[in-house]
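Summary of the model geometry
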Amino acid sequence: MKKSILSLSIAVIATQFLAMPAIAAEPLMTFRFAADKTVFTTTELANSDAVVHGGLYIDNYTGIAQLRMILRSDEPITIENGDFTFDPSGALDADGNPLHAFFAKHSTAIYTQESLIDDDTNIILWAGPETNHLDAFHANGVISNANSSFLTFDYRIPQNTPAGDYQCYISQKVITNSAGFIEEDLDISDQTHQLKVDKDFRIPPLIFSVFSRGDVNCDGSVSIEDAQATLKLYVEQEVASRTLTDTEIAQIMNTVHIHASKYASDSSQNGSLDVSDAQGILQYYVDSMSGNTSDWNDIFK
């Protein structure tokens, strides 16, 4: 009898435990790139560079004392005109320094567009406001405007940039210099320890996509292979209702530039993929091979 009661009690407790709602994990502090525009056509870039404004935001801020980071981008895209975002009102602190728009108090901050020591560019050094203790910094600075960017800069996408996907990211390179000391491109700490990527914070990259309409494999021309790849992607995603991984999409499209590839496959440019996109690409290819002038507007009247 006692054994039956014990078993029943355990079962009831287990049932109650399973019925308890799962506690969602706290969102990680995230250093998030942003840009006014991230998708371009090769036609747009045929005659001039494109320059778009952007910045780096700190979402879900949980407190840092000091950081060092280096912003990088895939060639030929460059990050230019970088600086910390300052209070748009032009307010100054007691020492006459501009106040940051993100943090409520002035901080020790250096943004080096190009290093005079090595070839590094876009180096950021930041330290929270000093306390009354020597070499000590506030780990949780008061946030002035959580919606403001931490850094502000421009991205330049040069004229005639080839079709493809290009990343802007925070470097995680670690080297041992000639003196035997370890140098890290990324070093973020609070008052007690060094913070770790994917444990204490996230640093997702930003992807710029440059595409040429119908050039699905991003090889510089529209071919029958592009039409075939588009049709296969349509069948897999829309007809078979499969959720494809990036690797599977790359295999279907025969390219590593999957974002640019998906934009290019929407040859009708109506925002969705269907069989008419593959037919349009095939028609464009046939017209070109016949010596006729191919025109997307004529194909999708």
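So, here's what we can say about the structure. (Residues numbered from 1 in each chain as written. Predicted model: local features only at pLDDT ≥ 70, side-chain atom pairs only at ≥ 80, totals over all residues. Heavy atoms only, no water.)

This part is about the overall build of the protein. Counting secondary structure elements, the protein contains six helices and 14 strands. For the protein, buried positions account for 38% of its 301 residues. Residue pairs at least 24 apart in sequence account for 70% of intrachain contacts in the protein once pairs closer than 6 positions are excluded. Put simply, the protein shows about 17,400 Å² of open surface, and 52% of that area lies on carbon and sulfur atoms. (Helix = DSSP H or I, 4+ residues; strand = E, 2+ residues; numbered from the N terminus. Buried < 20%, exposed > 50% of the residue type's maximum accessible area, 1.4 Å probe, protein only. Contact = heavy atoms within 4.5 Å. Areas by Shrake-Rupley, 256 points an atom, 1.4 Å probe, with all protein chains shown as cover.)

Any two packed helices are characterised by the angle at which their axes cross and by the distance between the axes. At a closest axis distance of 8 Å, the pairing of helix 2 (residues 224-239) and helix 5 (residues 275-289) adopts a crossing angle of 175°. By the criterion of interaxial angle, the relationship of helix 2 to helix 5 is roughly antiparallel. Of helix 5, the residues touching helix 2 (which contributes Ile224, Asp226, Ala227, Thr230, Leu231 and Tyr234) are Val275, Asp277, Ala278, Ile281, Leu282 and Tyr285. Residues that form the contact of helix 2 with helix 5 fall into these classes: nine nonpolar, one polar and two charged. (Axes fitted to C-alpha atoms, helices over the stretch in contact; angles between N-to-C directions. Parallel < 35°, antiparallel > 145°, perpendicular 65-115°, else oblique. Nonpolar A, V, L, I, M, F, W, Y, C, P; charged D, E, K, R; others polar.)

What follows covers helix 5. Taking 1.5 Å as the rise per residue, helix 5 with 15 residues should run 21 Å; its terminal C-alpha atoms sit 21 Å apart, in good agreement. Along its buried surface, helix 5 packs onto helix 2, helix 4 (258-265) and helix 6 (296-299). The first or second residue beyond helix 5 is Gly291, which carries a positive phi of 85°. (Expected span 1.5 Å × (residues − 1).)

Below, the discussion takes up the environment of Leu151. Here Leu151 is to be found in strand 8 (residues 151-157). The class for Leu151 is buried, based on a relative accessible area of 0%. Distance from Leu151 to Phe84, taken between C-alpha atoms, is 4.4 Å for residues 67 residues apart in sequence. Here Leu151 is in contact with Gly54, Gly55, Leu56, Leu71, Asp83, Phe84, Thr85, Tyr111 and Ile124, once residues within four sequence places are set aside.

Right, let's get into unusual backbone geometry. The linkage connecting Glu75 with the following residue, Pro76, adopts the cis geometry, with an omega of 5°. Its location among the elements puts Pro76 in the loop between strand 4 (66-73) and strand 5 (78-84).

Moving on to the layout of surface pockets. Counted as a void, the largest pocket has a volume near 220 Å³. If you trace the largest pocket, you find it lined by Leu71, Arg72, Ser73, Glu75, Ile77, Thr78, Ile79, Gln113, Asp119, Asp120, Thr121 and Asn122. When contributions to the lining of the largest pocket are tallied by element, the ones reaching two or more residues are strand 4, strand 5 and strand 7 (121-127). Per element, the largest residue contribution to the lining of the largest pocket is three residues, and it comes from strand 4. (1 Å grid on protein atoms, 1.4 Å probe; cavity = no way out; pocket = protein on both sides within 12 Å on 5 of 7 lines; lining within 4 Å. Points joined across faces, edges and corners; volume = space filled by probe spheres on them.)

Here the focus is the pairing of strand 1 (residues 29-35). Where a strand is regular, its side chains alternate between the two sheet faces. Taking burial as the measure, the seven residues of strand 1 include five buried ones, the bulk of the element. Relative to strand 13 (residues 201-202), strand 1 runs parallel, the two sharing two bridges. Bridge pairing in strand 13 places Met29 opposite Phe201. Note that strand 1 and strand 3 (residues 50-59) share six bridges and pair antiparallel. Among the inter-strand pairings, Arg32 is bridged to a residue of strand 3, identified as Tyr57. (Pairing = 2+ DSSP bridges.)

Counting 38 residues, the largest nonpolar core has Phe31, Met69, Leu71, Tyr155 and Ile157 as its most contacted members. Put simply, the parts of the chain that give this core at least two residues each are strand 1, strand 3, strand 4, strand 5, strand 7, strand 8, strand 9 (164-170) and strand 14 (206-211). Those residues in contact with Phe31 that lie beyond four places of it in its chain are Leu56, Tyr57, Ile58, Leu67, Met69, Ile170, Ile188, Phe201, Arg202, Ile203 and Pro204. Counting 14 residues, the second-largest nonpolar core is a separate cluster that includes Val222, Leu244, Met253 and Ile281. (Core = buried A, V, L, I, M, F, W, Y, C linked by side-chain atoms within 4.5 Å.)

Every buried residue of helix 3 (residues 246-253) is listed here: Ile249, Ile252 and Met253. Each buried residue of helix 3 sits inside an arc of 85° when the element is viewed along its axis, so together they form one side. Exposed residues lying more than 90 degrees from the buried face of helix 3 are Thr247 and Gln251. The inward-facing, buried residues of helix 3 abut helix 2 and helix 4. (Arc of directions from axis to C-beta.)

Considering all chains together, one arrives at eight salt bridges under this definition. Each of Asp49, Glu80 and Arg156 takes part in a single network of salt bridges with overlapping partners. (Salt bridge = Lys/Arg side-chain N within 4 Å of Asp/Glu carboxyl O.)

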